[in-house]
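As a plain string of letters, each chain reads:
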Amino acid sequence: MTEIPAAPTQHEYYADGSTLVRAEHIPWTEWALPGTEFKLLDYDRNRSYSVILLRISPDSPPVRHKHMGAANAFILEGGFSYEHGTIRAGQFMVEAGGVSHTPQIHPDGCTLLGFMYGAVVGLNDDDSIAGLVDVDWMIDRVRENNAFAHLEDVPRT
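Here's what I pulled together on the structure shown here. None of the values given here were measured: they were computed from a predicted structure.

1. Considerations on the overall build of the protein
In terms of helices and strands, the protein carries two helices and 13 strands. In terms of overall size, the protein behaves like a compact globule, its C-alpha atoms giving a radius of gyration of 16 Å where 157 residues would be expected to give roughly 15 Å. Overall size of the protein, expressed as C-alpha extent along the three principal axes, is 55 × 40 × 25 Å. When each of the 157 residues of the protein is scored for burial, the buried share is 39%. If you take every contact in the protein between residues at least 6 apart in sequence, the share linking residues at least 24 apart comes to 59%. Counting every atom, the protein has about 9,000 Å² of accessible surface; 53% of that belongs to carbon and sulfur. In the protein, 11 positive and 22 negative side-chain charges are present, and the distance between their average locations comes to 2 Å.

As structure tokens, this is what we get:
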């Protein structure tokens, strides 16, 4: 049987525009909600698109928020429950843009691979805007945390 070599630790970039991101070597960066941190894996400012790993601690408070564009997530570990039910590790969800919800994180926390189209808006009890997370907000946070080098020189349209 052919032995599969260990993956290198450096990100790789190819002339055809392909990129191999070694996510395990990117530092976690504090995200917008208490008890959350993320890794920005890819983005496109023109489409307000981002791909993130998001880790949510079990003691993260439930925060009502609205996805301005569609949001997709594959749950890697743990899970959460919200108005539409429960989602656990190994499951995939698709949310339409304009959806507001208040997730309750499970006792074992949650780690997900998220694909977001558009901003996420934190909401106050009266539906006024408490905060906004978009692609530029995430880029600023990861740059401040020295967690953007893998995307610094990737060609963008």
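Picking up after the structure, the text goes on.
2. As for the pattern of salt bridges
Within this structure, the stated rule accounts for eight salt bridges. The partner of Arg-47 in a salt bridge is Asp-44, and the shortest N-O contact between them spans 3.0 Å. By relative accessible area, which is 14% here, Asp-44 ends up buried.

3. With respect to helix α1 (residues 135–144)
All of the buried residues in α1 are Val-135, Met-138, Ile-139 and Val-142. Buried residues along α1 cover an arc of 100° about the axis, so they all sit on one side. Each element contacted by the buried residues of α1 is listed here: β3 (29–30), β4 (36–44), β5 (49–56), β11 (104–117) and β13 (129–133). Where α1 begins, the side chain of Asp-134 points an oxygen toward the backbone nitrogen of Asp-136, at a separation of 3.2 Å. Positive backbone phi, at 55°, marks Asn-146, one or two positions downstream of α1.

Cut-off values and rules
Residues numbered from 1 in each chain as written. Predicted model: local features only at pLDDT ≥ 70, side-chain atom pairs only at ≥ 80, totals over all residues. Heavy atoms only, no water. Helix = DSSP H or I, 4+ residues; strand = E, 2+ residues; numbered from the N terminus. Rg over C-alpha atoms; globule rule 2.2 N^0.38 Å. Buried < 20%, exposed > 50% of the residue type's maximum accessible area, 1.4 Å probe, protein only. Contact = heavy atoms within 4.5 Å. Areas by Shrake-Rupley, 256 points an atom, 1.4 Å probe, with all protein chains shown as cover. Lys, Arg positive; Asp, Glu negative; His and termini not counted. Charge placed at Lys NZ, Arg CZ, Asp CG, Glu CD. Salt bridge = Lys/Arg side-chain N within 4 Å of Asp/Glu carboxyl O. Arc of directions from axis to C-beta. Polar contact = N/O pair within 3.5 Å; in protein donor to acceptor, adjacent residues only side chain to side chain.

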